[in-house]
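Here is what each chain is made of, one letter per residue.
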Amino acid sequence: SGVGGGRGRNLLNGRASVQRHCFCGRLVHEYSFMYLQQFWKAYPASVPKFTVMKLDEGREPFSTLVNLLDDSLAELLDTESFLFSGGQSTAVVIASPSGFDAGFLWASESESSMLEASLPALFALTPRWLATCHPGLAQNFRHNEQAVVTPADVHETLVHLAGVLSQGTTGTSPSNQPACRSLLAERIAYTRSCREARVPPAYCACSSALKAEAAPQGRSHVL
């Protein structure tokens, strides 16, 4: 969702302002959620469905608009939602193309802001039976939460996941390309570099190496 309005970034009148995200008394993203529900209910639960919904609220530089998604997302992801009715094996993936945009030039080009911008969000919600029936896939998925992951990996995972949900088997990763790794099929090494993943240096969060000593027992360190 979102309506273009030039390159302005003014909070009131810019392309990502509140004014441009309200149409006929409703927030623009609410129409997207409404269309999703209409599409989902137009087909029986037995018919496999795949849909992509693009939202621009996260592009507003002050992070005020993204909060407007909370109620709609909470309703969508509720276990009583239409997505999960009728015993449907539904998986939901929430991803962003980049991390937090600090907005102002002086802030966006700082070291910390550039690091944040190189860390996009990725969340996945899968049916409970996936972990029960295929614990190996679920364990791989959890392991890869802290690995270097690319959009190519996400695409590979979605293709793999669609096969698992529709066929009920563990399936196999559909691609043999080294830069495309299913997050379900294997555990990606934590030493995977941006070069190995074919991530351009400008978008690499691992721009500097840091040798860390093992934490004493009972303690943990976040680097």
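Look up: the structure comes first, before these words.
Cut-offs applied
- Residues numbered from 1 in each chain as written.
- Predicted model: local features only at pLDDT ≥ 70, side-chain atom pairs only at ≥ 80, totals over all residues.
- Heavy atoms only, no water.
- Helix = DSSP H or I, 4+ residues; strand = E, 2+ residues; numbered from the N terminus.
- Buried < 20%, exposed > 50% of the residue type's maximum accessible area, 1.4 Å probe, protein only.
- Contact = heavy atoms within 4.5 Å.
- Areas by Shrake-Rupley, 256 points an atom, 1.4 Å probe, with all protein chains shown as cover.
- Patch = residues over 30% accessible without salt bridge, like charges linked within 9 Å, V, L, I, M, F, W, Y side chains within 5 Å.
- Salt bridge = Lys/Arg side-chain N within 4 Å of Asp/Glu carboxyl O.
- Phe/Tyr/Trp six-rings, centres within 6.5 Å; stacked < 30°, edge-to-face > 60°.
- Lys NZ or Arg CZ within 6 Å of the ring centre and 35° of its normal.

In this section: the overall build of the protein. The helix and strand inventory of the protein stands at 8 helices and 4 strands. For the protein, the α and β elements follow one another from N to C terminus as β-β-α-α-β-α-α-β-α-α-α-α. In the protein, which comprises 223 residues, the share counted as buried stands at 29%. A sequence separation of at least 24 residues applies to 58% of the contacts in the protein between residues at least 6 apart. Summed over its atoms, the accessible surface of the protein is roughly 15100 Å², and 56% of this surface lies on carbon and sulfur atoms.

Moving on, we get to unusual backbone geometry. If you check the backbone angles, Arg 198 has positive phi at about 60° while not being a glycine. Relative to the helices and strands, Arg 198 is located in the segment after α8 (194-197).

Positionally, Val 92 belongs in strand β3 (residues 92-95). On a C-alpha basis, the gap between Val 92 and Phe 123 in space is 8.2 Å, while along the polypeptide they are 31 residues apart.

On the surface, a nonpolar cluster with roughly 240 Å² of combined accessible area is contributed by Phe 39, Tyr 43 and Val 47. By secondary structure assignment, the location of Phe 39 is in helix α1 (residues 28-41).

Turning our attention to the pattern of salt bridges. Summed over all chains, the structure comprises 2 salt bridges. The closest approach of N and O atoms between Asp 153 and Arg 192, which form a salt bridge, is 2.8 Å. Here Arg 192 lies in the loop between α7 (151-167) and α8 and Asp 153 lies in helix α7, a separation of 39 residues in the sequence. One exposure class covers both Asp 153 and Arg 192, and it is buried. With a shortest N-O distance of 2.9 Å, Arg 181 and Glu 186 are connected by a salt bridge. Looking at Glu 186, the relative accessible area reads 27%, which means it is partly exposed.

Next up on the list: the environment of Pro 151. Counting through the fold element by element, Pro 151 comes out in helix α7. Exposure remark for Pro 151: the relative accessible area of 69% places this residue in the exposed category. Residues Pro 151 and Val 199, 48 residues apart in the sequence, show an inter-C-alpha distance of 9.8 Å.

Next up on the list: the packing of aromatic side chains. Enumeration over the complete set of coordinates arrives at 1 aromatic pair. Between the aromatic rings of Phe 39 and Tyr 43, the centroid separation amounts to 5.5 Å while the plane-to-plane angle is 65°, which identifies the pairing as edge-to-face. The exposure class assigned to Phe 39 is partly exposed, which follows from its relative accessible area of 31%. Take Tyr 43: its relative accessible area is 42%, and that puts it in the partly exposed class. The ring of Tyr 31 has Arg 26 sitting right over it, with the charged end atom 5.7 Å from the ring centre. Between Lys 49 and the ring centre of Trp 40, over which it is positioned, the NZ or CZ distance is 5.2 Å.

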